Amino acid sequence: MSRKMILRVPKFQEPKRMEKSEAQRLWLLLKDAIVEVQHMNASTLSFEELYRSSYSLVIAKRGDILYTGLEEVNNHHTKNLLDKIAQAVDERFLIELNSQWQQYKLQQIMIHDILMYLDRMYVKEPQLKVFDLGMFKWKQNVLIHSQINDRLVRMLLGLIHMERNGEVIDGALMKSLIQMYVDVSLKEKETYKQEFEERFLLATSHFYKSESNLFITNNSCGAYLKKVEIRLIEEEARIKQYLDESTGPKLIKACEDELIANHMQTMIEMETGCRTMIQNDRFNELKLMYRLFQRVENGLVHLKNEFAGYVRNEGHKIVNQPENLKDPNALITSLIEIRNRFEKTLSQSFANNRDFINSVNTAFESFLNENDKLSESLALFIDKKLRGGFKDSNDQEIDVIMNKVILLFRFLSDKDVFKKFYEHYLAKRLLSGRSFSEDLERTMISKFKQECGNQFTSKMEGMFTDMRLSKDALDGFKNYLQTSVEMGKLPKIDMSVRVLTQGFWPTFPPHSCTLPPLLSQYCDLFTKYYCHAHTGRRIIWQTNIGTAEVTFRLPKKTHVLALSTYQMLIMLLFNDAEKLSLKQMAAGTSISFMDIQRSVKPLYSGKYKVLKRTPAVEKSKELSENDIFELNLNLKCKLHRIKFAATSQTDSEPERQHTRQRVDEDRKIEIDAAIVRIMKSRKALIHNDLIVECTKQLSSRFVPQTSMIKKRIENLIEREYLERFPDDRRRYRYLA
Amino acid sequence: DLKNLLNSSNEFFDFTININYQSQKTYSIECHSAILSSRSEYFKGLLRSKMKEYQERKVEFFDIRPEIMQSFINYIYTGQIELNHENAIEMLVISRKFCSEELIQSITNYIQK
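Residues numbered from 1 in each chain as written. Chains lettered and ligands numbered in written order. Predicted model: local features only at pLDDT ≥ 70, side-chain atom pairs only at ≥ 80, totals over all residues. Heavy atoms only, no water.

In the nomenclature of an unreviewed UniProt entry, chain A is known as Cullin-3a-related of Anaeramoeba ignava. Recorded in UniProt under Sequence similarities (unreviewed entry), the annotation for chain A is "Belongs to the cullin family." (UniProt positions renumbered as here; feature names shortened; annotations may be inferred.)

Enquirer: Can you lay out the overall build of chain B for me, pointing to particular residues and giving the numbers?
Expert: Helices and strands together make up the secondary structure of chain B, namely 7 helices and 3 strands. Taken from the N to the C terminus, the helices and strands of chain B come in the order α-β-β-α-α-α-β-α-α-α. Radius of gyration (C-alpha) of chain B: 14 Å, near the 13 Å computed for a compact globule of 113 residues. Along the first, second and third principal axes, the C-alpha set of chain B runs to 45 × 35 × 30 Å. Counting every position in chain B, which comprises 113 residues, the buried fraction comes to 49%. Counting contacts in chain B only where the partners sit at least 6 residues apart, residues at least 24 apart contribute 55% of the total. Surface accessibility of chain B: about 5900 Å² in total, with carbon and sulfur atoms responsible for 46%. Taking the 13 positively charged and 15 negatively charged side chains of chain B as two groups, their mean positions are separated by 4 Å. (Helix = DSSP H or I, 4+ residues; strand = E, 2+ residues; numbered from the N terminus. Rg over C-alpha atoms; globule rule 2.2 N^0.38 Å. Buried < 20%, exposed > 50% of the residue type's maximum accessible area, 1.4 Å probe, protein only. Contact = heavy atoms within 4.5 Å. Areas by Shrake-Rupley, 256 points an atom, 1.4 Å probe, with all protein chains shown as cover. Lys, Arg positive; Asp, Glu negative; His and termini not counted. Charge placed at Lys NZ, Arg CZ, Asp CG, Glu CD.)

Enquirer: Please set out the pairing of strand β1 (residues 15-19) of chain B residue by residue, giving values where relevant.
Expert: Residue and element names in this part refer to chain B. Within β1, 5 of the 5 residues are buried, which leaves the element mostly enclosed by the surrounding structure. Burial along β1 is two-sided: the face carrying F15, I17 and I19 and the face carrying T16 and N18 are both buried. Relative to strand β2 (residues 27-31), β1 runs antiparallel, the two sharing 5 bridges. Bridge pairing in β2 places N18 opposite S28. (Pairing = 2+ DSSP bridges.)

Enquirer: I'd like a description of the interface of chain B and chain A, backed by residues and values.
Expert: Listed by partner, the interface residues are 33 residues for chain B and 30 residues for chain A. Of the roughly 2700 Å² buried between chain B and chain A, counting both surfaces, carbon and sulfur atoms make up 62%. Area buried by chain B at its contact with chain A is led by B:M51, B:H85 and B:K97, which between them contribute 23% of it. Taken together, chain B and chain A are joined by 4 salt bridges. Its salt-bridge partner being A:R120, residue B:E41 comes within 3.6 Å of it at the nearest N-O pair. Summed over the shared surface of chain B and chain A, the number is 11 residue pairs in polar contact (both at pLDDT 80 or more). Taken together, the elements giving at least two residues each to the side of chain B that touches chain A come down to α3 (41-48), α4 (52-56), β3 (58-61), α6 (88-97) and α7 (101-112) of chain B. (Buried area = accessible area lost by both parts, 1.4 Å probe. Salt bridge = Lys/Arg side-chain N within 4 Å of Asp/Glu carboxyl O. Polar contact = N/O pair within 3.5 Å; in protein donor to acceptor, adjacent residues only side chain to side chain.)

Enquirer: Now, about the pattern of salt bridges: what can you tell me, with residues and values included?
Expert: Residues and elements named next belong to chain A. In this structure the tally under the stated criterion is 53 salt bridges over all chains. Two residues, D399 and K447, come together in a salt bridge whose shortest N-O distance is 2.9 Å. With D399 in helix α20 (residues 395-411) and K447 in helix α22 (residues 438-452), this pair connects stretches of sequence that are 48 residues apart. Note on D399: relative accessible area 33%, which makes it partly exposed. Here D672 and R719 are joined by a salt bridge, their closest N and O atoms 3.3 Å apart. Of the two residues, D672 is situated in helix α28 (residues 653-682) and R719 in the loop between α30 (706-718) and β8 (722-724); the sequence distance between them amounts to 47 residues. In this structure D672 comes out as buried when scored by relative accessible area, which is 11%.

Enquirer: Account for the sheet that holds strand β1 (residues 547-553) of chain A, with residues named and values stated.
Expert: Pairing between the strands of a sheet comes from backbone hydrogen bonds, and it takes one of two forms, parallel or antiparallel. Residues and elements named next belong to chain A. One open sheet holds the 3 strands; their spatial order is β1-β2-β6, and the pairing between them is mixed. Unpaired on one side and paired on the other, β1 and β6 (641-643) mark the two borders of the sheet. Each strand of the sheet is rotated relative to its neighbour by a mean of 25°, with strand direction disregarded. Strand direction decides the pairing type here: β1 and strand β2 (residues 558-564), joined by 7 bridges, are antiparallel. Paired with A548 across the strands is L563, a residue of β2. Running at roughly 130° to β2, helix α25 (residues 565-573) makes contact with β1 and β2 of the sheet. (Axes fitted to C-alpha atoms, helices over the stretch in contact; angles between N-to-C directions.)

Enquirer: Can you lay out the nonpolar core for me, pointing to particular residues and giving the numbers?
Expert: Ranked by size, the top nonpolar core spans 122 residues in total, and within it A:W138 and A:L335 carry the most contacts. Element by element, the count of residues in this core is highest for helix α21 (residues 415-431) of chain A, at 9 residues. Excluding its chain neighbours within four sequence positions, the residues that come into contact with A:W138 are A:T78, A:L81, A:I85, A:L97, A:Q100, A:W101, A:Y104, A:L143, A:M180 and A:V184. Core analysis: the second largest hydrophobic core is formed by 64 residues, A:I111, A:Y117, B:F15 and B:C99 among them. (Core = buried A, V, L, I, M, F, W, Y, C linked by side-chain atoms within 4.5 Å.)

Enquirer: I'd love a proper account of the packing of aromatic side chains, names of residues and values included.
Expert: Scanning the entire structure with this criterion turns up 40 aromatic pairs over all chains. An angle of 80° between the planes, with centres 5.6 Å apart, marks the rings of A:Y290 and A:F356 as edge-to-face. A residue pair is termed long-range when its members are at least 10 positions apart, and A:Y290 in helix α14 (residues 283-293) and A:F356 in helix α18 (residues 354-368) qualify at 66 residues. On the basis of an interplanar angle of 40° and a centroid distance of 5.3 Å, the ring pair of A:Y480 and A:Y529 is categorised as tilted. Of this pair, A:Y480 sits in helix α23 (residues 454-483) while A:Y529 sits in helix α24 (residues 517-533), placing them 49 residues apart in sequence. Looking at A:Y529, the relative accessible area reads 17%, which means it is buried. In this structure an aromatic cluster arises from ring pairing among A:F47, A:Y51, B:Y42, B:F43, B:F61, B:F72 and B:F98. Stacked on the ring of A:F464, the Lys or Arg A:R442 has its end atom at 4.6 Å from the ring centre. One cation-aromatic arrangement involves B:R57 over B:Y54; the distance from NZ or CZ to the ring centre is 5.2 Å. (Phe/Tyr/Trp six-rings, centres within 6.5 Å; stacked < 30°, edge-to-face > 60°. Lys NZ or Arg CZ within 6 Å of the ring centre and 35° of its normal.)

Enquirer: Pulling in residues and values, what's your account of α18(A)?
Expert: All names here are of chain A. Helix length check: α18 (15 residues) gives 21 Å between terminal C-alpha atoms against 21 Å at 1.5 Å per residue, within 8%. Those residues of α18 hidden inside the fold are in contact with α14, α15 (299-320), α17 (328-349), α19 (374-389) and α20. N-capping of α18 is provided by N353, with a side-chain oxygen placed 2.7 Å from the backbone N of D355. (Expected span 1.5 Å × (residues − 1).)

Enquirer: Describe the environment of A:F411, listing the residues and the values that go with them.
Expert: All names here are of chain A. Position of F411 relative to the elements: it lies in helix α20. The class of F411 is buried, set by a relative accessible area of 6%. Considered as a pair, F411 and F367 are 44 residues apart in the sequence and their alpha carbons are 9.5 Å apart. When near neighbours in sequence (up to four residues on either side) are disregarded, F411 contacts R339, N361, F364, E365, L368 and N369.

Enquirer: Residues and numbers for the side chain of A:T589, please.
Expert: Residues and elements named next belong to chain A. Relative to the helices and strands, T589 is located in helix α26 (residues 582-589). Residue T589 is classed as buried on the basis of its relative accessible area, which comes to 1%. Residues within four places of T589 in sequence aside, it is in contact with C513, T514, L569, I570, L573 and I596.

Enquirer: Go over the state of the cysteines with me, naming the residues and quoting the values.
Expert: Such a bond, covalent and formed between the sulfur atoms of two cysteines, is termed a disulfide. Going through the model one piece at a time under the given rule, you end up with 0 disulfides over all chains. Counting only cysteine sulfurs, A:C694 is the nearest neighbor of A:C452, a cysteine outside any disulfide, at a range of 18 Å. (Disulfide = S-S within 2.5 Å.)

Enquirer: Help me get a handle on the packing of α19(A) against α21(A), residues and values and all.
Expert: Residue and element names in this part refer to chain A. Viewed as axis vectors pointing N to C, α19 and α21 meet at an angle of 25°, and their least axial separation amounts to 8 Å. Between α19 and α21, the interaxial angle falls into the category roughly parallel. Crossing of α19 against α21: the hand is right-handed. For the pair formed by α19 and α21, the contact residues are S375, E376, L378, A379, L380, I382, D383, L386 and R387 on the first element and V417, F418, F421, Y422, Y425, K428 and R429 on the second. Its residues assigned to classes, the contact of α19 with α21 comprises 10 nonpolar, 1 polar and 5 charged. (Parallel < 35°, antiparallel > 145°, perpendicular 65-115°, else oblique. Left-handed = near helix turned anticlockwise from the far one by under 90°. Nonpolar A, V, L, I, M, F, W, Y, C, P; charged D, E, K, R; others polar.)

Enquirer: Please provide a residue-by-residue account of helix α1 (residues 20-38) of chain A, values included.
Expert: Residues and elements named next belong to chain A. For α1, with 19 residues, the first-to-last C-alpha span of 27 Å sits near the 27 Å given by 1.5 Å per residue. In this structure, the buried residues of α1 make contact with α2 (47-59), α3 (63-86) and α4 (90-114). The first or second residue beyond α1 is M40, which carries a positive phi of 60°.

As structure tokens, then:
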């Protein structure tokens, strides 16, 4: 579009030249008006006339007269005000200053309004805007004048000090006077910061330093914490009431530094401090401490370390207490108790903070593995529960205990040791028929399965399968006996056999013994039957874990004795002899002397004595080969059936050693497998990397010793799974 | 809308603008001080300084043509302005005098087109 636009230019707008005298006249008019405004006599002035005068001066390019003139008038006025204000005494000073300031601010708004055209069209950087010019003059001639500034700040700080000491002060006056420092700041509140804020923060630190030092030495930690919380709330309120909001974070930081950060160590260590609170489960005080410490840098680290240290210490005491070392049940019960207690502290006081939970868990890990008996104790604890310890608990309680067991289990570094013990005790429970409930057994196992996977529980599940299959096999055997030809020739005995798949069950130390002919015949029959039904299988008899019932005929009475197989063999010897030495017993049964000792003990030293020692000796005396025993024909017992413990409930030291040895054997296999797995995928690897990788892979089951890994590597090299690089002996190559 | 407020014979008027331009007869615009002060920096200053105009509830202009003032007041009420060759320059002058930044901008745009 090329249409030319014709604009109408009105005549009167042609730039007029303004005479100097006219300019002077207009300025004087404005000056008089400004002075009137400064004396609060504005109501008779015409705004439009003044505005038009300023407008005319500016468009006639005489803005400079106006601007310099204004500066002078403001200068003069503020100097007059200074004298007036400085003369006021005591509290009058603040009131006078404030009322003059309020008026001055209003006047400056009016002057700005009148001179708006000057302000918008004439004033250029670095000149101050009209209103800012007024603020600057007030600052220069009144506020930061030596007669005002120091006096004002001292009085303001004095009032704040009074308020902190509980007196009531005029908040509105404070707000107005403090805001004045902000208003006269040209940029970034610099006057406020320099003249007021800095000194205020210093006074605050000073106040709280002395208050906190005094308070904490004369009061308990709990009282101090409450005091701090109240102080912080008060300061928050102070910010809202009369400080500039930009001071908020700085003020709170100063208070936190003085009230919390500087006393953290004291609050932890003092007699009524953190340690005592943790010891005495003072959840509310700890919660408050947590909230306050959270506010300062590294505060929670201190609290966390203190708590974790306490947990480690308590745990350490428990796992090393002599009574607990003897009583696995008490040990695990105490551990569960402190776990519960600390979980309560964590949730009630420490907001279940992740870091806190982790450090408590690390503490548990460290003290639980301090003692290599823990795996076994835990297995024994469950053993006792599953043998009937759960009898009086409902499902929910049982679940809680089982979960705690899993929790402790999770902290064990040698889970394979635990597994061996658990399998061992499970086998014993199943074989002796002492398991309280198969459901509970399975629940427990499923929890381990969830935690560690199939591999961990496959043997345990295998044991249950064996138990079921054994029952079927036994039924089959009984049918077989009824139809068997040989059966007719034999006296009837009730024999029960359990077939245990090798590998699922712990290998019991091999023991041999001579069975009486009748039993031997039965065993042979069973072997014949079983191997016929399952070709290719081999049966090895484990007589040492069996049980038997024997009829004991006394002159006046008959009892049934529930015995172990070994005890039965020993008792049967007395059918043909009156007195027998231990040596003779061993010879007659082919049982090892140690087992003889263990089996005989319950028979003569328990509540009911079926054997007696001749001549009678002190009970406590160790048994020797030549000690002689005879039947106790004077046995007095109201029960018909008398039950004897086969051995003591906890395992003997050799048995425990045996279990440990088996763990070591298993570990060798696991380490071999891990090394081969790693090398197969990596082909070549430096020694150290292999060790690290191997440790990592096995860590969920146990913590292998480096020396053991080294030995296994050597062994694998011998077996030609690996070889060393000829040029670098520290590197291995996988040989396919 | 707000334009209706200005045109109807509304009893809520509380401020009068009188224009005595050259020798023409006085032209009056009735309006609402609340609207003037909230939509114009100039009128805000005029009213809040509580000077003579505020006391007398009126203001008098000598240097503005009535039509131009009327357009300006319409603009204050509606935010809209009709610009043409006739009024553009005068509207620019008045908007500059009253420091009405948005209006200055739209007139400048119009002239430059």
